[in-house]
Each structure stands twice: as structure tokens, then as C-alpha cells.
Amino acid sequence: MDDTTKRAASAAARIEQDSQTSSQKSGEAFVAYMDDSVDSGSSSLTGKDHQSTSAKALDRWFKERQKNHSAPRLLEVPNEALVTNGGPLQITGNITMVLEDGSVQYANHLSLCRCGHSGTKPNCDGQHLDKEFLHPGKISEVSEIAASQRPSKITISCIKDGPITFRGRLRMHNQFGQECVKMRGSLCRCGQSASKPFCDGSHSKTGFKTG
Ligand code: FES
């Protein structure tokens, strides 16, 4: 087993263990995150194994989401996030969202608050208009990996009084034609970061509260 495979197996096992604990607590099934860092191109896995890993993760996501009423569809497109001008982060993909209380939601489309003022966090409720949130959606970092046309899944976790983290390939883009592709990261939802759309830790200095 090479290092990449070992890392993927170890990550899956770790999340699997966490998911069992979470399921016991919340009574809800948790979808284990399949670390598809093999997509980065640095892997020595063959294309067959590569596809197999992604396919298994998607199949599992699909089965788990079927247990959830009003669950989303399995999209055959890559996960993308539009950093809007003065508004929310609009994410499309095969999304598993873990809320602050540990409960799990499945979605294909989410509009996530970036200004910090929504009364329905983590979702946008339009408060950015009243509060005149002015960030134009510029992206402050460059891609860590290449974009991919292959569908995958993404897990988003809401951190109490902090950012939203994601795991899984995500292509962020904006009205200026900028794009940034990452496998994981922390996204600002307090509206105060100097490196939006990413978190720079400002939430702790400003006393941001999510609930
Ligand atoms: S959530 Fe805004 S800086 Fe961390």
C-alpha cells in the first residue's frame, strides 16, 4: 500500500469512527468523508482504482442521502462555489452539510451567508442587502490543485462562532473570471476576514457569534 493509499484509508477510518459516534449522538446517519486527494494528480494509483474510489464515495453518498426525505439528486457535475458580488457563497454539488449541533443535511444547492448577519445561519436570508456588505467576491488565493470535470462529493462543516470548513474538491469562481480549486479549506462567514472568501481568524477578534 503506498503512502497516498494509506493516508486515504486512515482518513476514511478516522471519519468512519467519528461518524459512528456522531450517529449515536444525533440518531442520524453520517456520510463518511472519502478523502479523494488521489484526484490531485500526485497519486500513483491507476485510473481504474482512481475512478473506483470516487465512484464508491459517490455511491455511498447516494445511498445515505436516500435515507433522508426530500434528499437531493446525485449530480454528475463537479462541486462549484460562486463567490457573489456583495452576497452569499452559492455552492452547487453533492453536498453533505454538518451543522453545529452535529445534525446532517444533504443538498445540491446552498446559499451560504458571507456577511455574518443572517438570522438563518449558515444560510443567507438577504441581510447582506440591509447591512450593505460590499465585498465584490474577489478571491484572495490561487488554486492548489487542477480543476476536474468529474463529479465528487463535498462535506461542509459549520464551526460554532467560526468559519465553514469544506473537504472535497471545490472550484470557487467569481464575476471577474478568477478561480481557485482546493481540496479543503475554511471559508469566512463573519464578513470580517481580510482574505475573503477564506477565513483569516478575524472572527475570534471580533467576537463573532453564530447562534
Ligand atoms: S469566519 Fe470570518 S475570519 Fe473566520
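Everything in this summary refers to the structure shown in the same document. (Residues numbered from 1 in each chain as written. Predicted model: local features only at pLDDT ≥ 70, side-chain atom pairs only at ≥ 80, totals over all residues.)

Assigned secondary structure in the protein consists of 4 helices and 6 strands. Put simply, the protein runs from its N terminus to its C terminus through helices and strands in the order α-α-β-β-β-α-β-β-β-α. Of all 211 residues assigned to the protein, the portion counted as buried reaches 32%. (Helix = DSSP H or I, 4+ residues; strand = E, 2+ residues; numbered from the N terminus. Buried ≥ 20, exposed ≤ 12 C-beta atoms within 10 Å, placed from the backbone.)

Before going further, it helps to spend a moment on the environment of Asp101. Checked against the element boundaries, Asp101 lands in the loop between strand S2 (89–98) and strand S3 (104–112). C-alpha separation for the pair Asp101 and Ile159, spaced 58 residues apart in sequence, amounts to 9.6 Å.

Residue Lys121 is joined to Pro122 through a cis peptide bond whose omega torsion reads 10 degrees. Of note, Pro122 is situated in the loop between S3 and helix H3 (127–130). Backbone geometry places Glu132, a non-glycine residue, at a positive phi of 55 degrees. Here Glu132 shows up in the loop between H3 and strand S4 (153–158). Its 8 C-beta neighbours within 10 Å are what place Glu132 among the exposed residues. Its identity as a non-glycine residue notwithstanding, Asp161 has a phi of 55 degrees, on the positive side.

Now for the pairing of strand S1 (residues 80–83). Residues Ala81 and Val83 point to one face of S1 and are all buried, whereas Glu80 and Leu82, pointing to the other face, are not buried. Sheet topology note: the S1/S2 ladder contains 4 bridges and is antiparallel. Directly across from Glu80, in S2, lies its bridge partner Thr92. Between S1 and the antiparallel strand that follows it, S2, lie 5 residues; Gly86 among them carries a positive phi value of about 70 degrees. Bridge analysis of S1 against strand S5 (residues 164–173) gives 3 bridges, and the strand direction is parallel. Within S5, the residue paired with Glu80 across the bridge is Arg171. (Pairing = 2+ DSSP bridges.)

A few words on the pairing of S2. Counting buried positions along S2 yields 8 of 10 residues, so the element is predominantly enclosed. Pairing between S2 and S3: 8 bridges, direction antiparallel. From the neighbouring strand, Met97 faces S3, where its bridge partner is Gln105. Joining the antiparallel neighbours S2 and S3 is a turn of 5 residues, in which Gly102 adopts a positive phi near 90 degrees. Judged from the 5 bridges that link them, S2 and S4 form a sheet pairing that is parallel. By the bridge assignment for S4, Ile95 is matched with Ile154.

Structurally, His135 is set in the loop between H3 and S4. Taking the C-alpha atoms as reference, His135 lies 8.2 Å from Lys196; in sequence the two are 61 residues apart. Those residues in contact with His135, other than ones at most four positions away along the chain, are Gly86 and Lys196. (Contact = placed C-beta atoms within 7 Å.)

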